[in-house]
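# Observations on chain architecture
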Amino acid sequence: MANCLELKQQILQGEYDAAFAKLYGAGQEIAAQQRERYVTVIDRFADSFGAERTVRLYSAPGRTEIGGNHTDHNNGVVLAGSVNLDIVAVVSPNEENIIRMKSYGFEKIDDVDLSILTPQPNEAEHSASLIRGVAKGILDAGGKVGGFDCYSTSSVLRGSGLSSSAAFEVCVGAILRGEYNGNDMQLLDQVKIAQIGQFAENVFFGKPCGLMDQTACAVGGVITIDFKDPAHPVVGQTSIDLAKHGFAMCITDTKGSHADLTDDYAAIRREMESVAEQFGKKVLRDVNEDEFYAAIPQLRKAVGDRAVVRAIHFYNDCRRAAQLCDAVRADDFDTFLRLIIEGGHSSFEFNQNAYSIKAPQEQGVPLALAISQKVLNGRGAWRLQGGGFAGTIQAFVPYDLLDSYRTAIDACFGEGSCHVLNIRNYGAVPVTPDM
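Residues numbered from 1 in each chain as written. Predicted model: local features only at pLDDT ≥ 70, side-chain atom pairs only at ≥ 80, totals over all residues. Heavy atoms only, no water.

A few words on empty space enclosed by the protein. Taken as a whole and judged by the stated rule, the model has one cavity of 30 Å³ or more. The calculated volume of the largest cavity comes to roughly 40 Å³. Every residue along the wall of the largest cavity is listed here: Ile66, Gly67, Gly68, Asp317, Leu324, Leu339, Ile340, Gly343, Gly344, Ser347 and Arg383. Among the secondary structure elements, those contributing two or more residues to the lining of the largest cavity are strand S2 (54-67), helix H11 (305-329) and helix H12 (333-351). Among the elements that take part in the lining of the largest cavity, H12 stands out by supplying five residues, more than any other. Per-class residue counts for the lining of the largest cavity are four nonpolar, five polar and two charged. (1 Å grid on protein atoms, 1.4 Å probe; cavity = no way out; pocket = protein on both sides within 12 Å on 5 of 7 lines; lining within 4 Å. Points joined across faces, edges and corners; volume = space filled by probe spheres on them. Helix = DSSP H or I, 4+ residues; strand = E, 2+ residues; numbered from the N terminus. Nonpolar A, V, L, I, M, F, W, Y, C, P; charged D, E, K, R; others polar.)

Quick look at the structure:
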């Protein structure tokens, strides 16, 4: 381990440039940006906790959904990928059994006493609850915990559908694994770290989230997650090199309001499960697809047409998520793009989560998709992602159309609405020169 000054010198001398290329992409401009970013956060750590401290670096990425829109809650199959936006943490252990985390942009230091590992009502929906919950999860998994001081900075866009909270959770898990468990990837593998993050969010933070976000952030790369048994999800990992094919991934924030959309989101799950109930099952994953299609005339009368077509989306998009993963593994990029577009149409037409019927005049997501279709004109791919109704869309854009695409999107939704990203093939990890 190095102290703050020594670590800064190593970074400025280029010793971490190879690691930065793996995490953020190759190129001198990217390396220079990350050198400056890492040195800045080390300086902030030094100002907050002391320059003489020996420190380590950790990184955890945000994530984007690629396939399997609104399928996880019915035990379906999803495809997701980590992105080259991340939380970076500078960490030094302490002997006080207290975790102190200061995040750039937030005045308050989270101060968590590890002698108390039960949910604290005053911490609900605050980051301190996630730290406490992750520590409890590590212990429950047979690991060890201890105090540390940390300064972090994040490029994961808050409220963008890239899962900044999941990135935070798995970053804390990676820190405790690295500092107090010898980075034991058998006892605390990436999926276990993800499950611990979900536990912290469900039990300590108070949000009943699924497991997709944490798994994608923890594992890294492109992953398929089969939720047939939610307690033991089956995770398959692969990687994708968009640059090899001359493409970038763009995430566009359509700036739509998420207010009053809770019931729109909940209705998708409720309606899918209402179909399953007609077969005596809890979730659609347990209903045979052929039996479902044979029963459609009766289902229309029992649960309504929208529930039926949303169920059709579930079956098709689960299958498509697996096909997308196969295409990535085979490096069949044309098939990958075709399936992305098909999934986008299914979400729009069958799952019907492109806009809320309560406010049909507000259609930012369909507008962004229409602009994407016009600019890309048969090249690349585009789809809504995440919860839908408002929020973000995803597009895979050829380099030669990237400037035109970004200009068209930003002209409609405001400067900086289109974020150019790439898939990152590393999850929650210590950042070292030889990684």
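There's plenty left to go through after this.
Our next topic: the nonpolar core. Formed by 93 residues in total, the largest nonpolar core has its most connected members in Leu176, Phe292 and Phe336. Here the element with the most residues in this core is H11; it accounts for twelve residues. Apart from the residues within four sequence positions on either side, phenylalanine 292 is in contact with Val275, Phe279, Val287, Leu299, Val308, Ala311, Ile312 and Tyr315. Judged by nonpolar contacts, the second largest core, of 24 residues, contains Leu7, Val39, Val41 and Val429. (Core = buried A, V, L, I, M, F, W, Y, C linked by side-chain atoms within 4.5 Å. Buried < 20%, exposed > 50% of the residue type's maximum accessible area, 1.4 Å probe, protein only. Contact = heavy atoms within 4.5 Å.)

It is worth spelling out the environment of glutamine 13 at this point. Take glutamine 13: it is sitting in the loop between helix H1 (4-12) and helix H2 (17-24). Sequence separation between glutamine 13 and arginine 35 is 22 residues, and the spatial gap between their C-alpha atoms is 9.3 Å.

Pairing in this open sheet of four strands is antiparallel, and the strands run S10-S11-S9-S12 from one edge to the other. Looking at strand neighbours, the two that pair on one side only are strand S10 (381-384) and strand S12 (418-421), the edges of this open sheet. Averaged over all pairs of adjacent strands, the angle between their axes in this sheet comes to 20°, without regard to strand direction. Where strand S9 (residues 247-253) meets strand S11 (residues 392-398), seven bridges bridge the pair, whose relative direction is antiparallel. Its bridge partner being in S11, phenylalanine 247 is matched across the sheet by proline 398. Set on the sheet, helix H13 (residues 364-376) makes contact with S10 and S11; between it and S10 the angle comes to about 175°. Strands in contact with helix H14 (residues 399-413) are S9, S11 and S12; relative to S11, the strand with the most contacts, it is inclined by about 150°. (Pairing = 2+ DSSP bridges. Axes fitted to C-alpha atoms, helices over the stretch in contact; angles between N-to-C directions.)

The next point concerns the pattern of salt bridges. Using the criterion set out here, one finds 28 salt bridges in the structure. When the shortest N-O distance is used, the salt bridge between arginine 53 and aspartate 149 registers 2.8 Å. Of this pair, arginine 53 sits in the loop between helix H3 (28-49) and S2 while aspartate 149 sits in strand S6 (residues 148-154), and the two are 96 residues apart along the sequence. Pair check on accessibility: arginine 53 and aspartate 149 agree, each one buried. For glutamate 123, the salt bridge is made with arginine 132, and the minimal N-O distance between the two is 2.6 Å. Considered together, glutamate 123 and arginine 132 belong to a single accessibility category, that of buried residues. (Salt bridge = Lys/Arg side-chain N within 4 Å of Asp/Glu carboxyl O.)

Our focus in this paragraph is unusual backbone geometry. Positive phi is not limited to glycine here, since lysine 255 has a value of about 65°. Position of lysine 255 relative to the elements: it lies in the loop between S9 and helix H8 (262-277). The exposure class of lysine 255 is partly exposed, given its relative accessible area of 47%. Even without being a glycine, phenylalanine 389 presents a positive backbone phi close to 70°. Within the secondary structure layout, phenylalanine 389 lies in the loop between S10 and S11. The class of phenylalanine 389 is buried, set by a relative accessible area of 7%.

Taking 1.5 Å as the rise per residue, H11 with 25 residues should run 36 Å; its terminal C-alpha atoms sit 36 Å apart, in good agreement. One or two positions beyond H11, positive phi appears at aspartate 331, with a value near 55°. (Expected span 1.5 Å × (residues − 1).)

Along strand S4 (residues 98-103), six of the six residues are buried, which leaves the element largely enclosed by surrounding structure. Burial along S4 is two-sided: the face carrying Ile98, Arg100 and Lys102 and the face carrying Ile99, Met101 and Ser103 are both buried. Relative to strand S5 (residues 109-113), S4 is paired through five bridges, and the arrangement is antiparallel. Paired with arginine 100 across the strands is aspartate 111, a residue of S5. The hairpin turn running from S4 into S5, its antiparallel successor, is five residues long, and glycine 105 in that turn takes a positive phi close to 95°. Strand direction decides the pairing type here: S4 and S6, joined by five bridges, are parallel. Each residue of the ladder has a partner; that of isoleucine 99, found in S6, is phenylalanine 148.

Within this structure, the stated rule accounts for 13 aromatic pairs. Note on tyrosine 24 and tyrosine 38: the rings are 6.4 Å apart at their centroids and 70° apart in plane angle, and the pair reads as edge-to-face. Taken together, the residues tyrosine 24 in helix H2 and tyrosine 38 in helix H3 connect sequence positions 14 residues apart. Aromatic side chains phenylalanine 292 and tyrosine 315 sit 5.3 Å apart centroid to centroid with 40° between the ring planes, which places their arrangement in the tilted category. Here phenylalanine 292 is found in helix H9 (residues 289-294), whereas its partner tyrosine 315 is found in helix H11, with 23 residues between them in sequence. Residue classification places phenylalanine 292 among the buried residues on the basis of a relative accessible area of 0%. Relative accessible area serves as the criterion here: at 7%, tyrosine 315 is assigned to the buried category. An aromatic cluster of three or more residues is present, and its members are Tyr16, Phe20, Tyr24 and Tyr38. (Phe/Tyr/Trp six-rings, centres within 6.5 Å; stacked < 30°, edge-to-face > 60°.)

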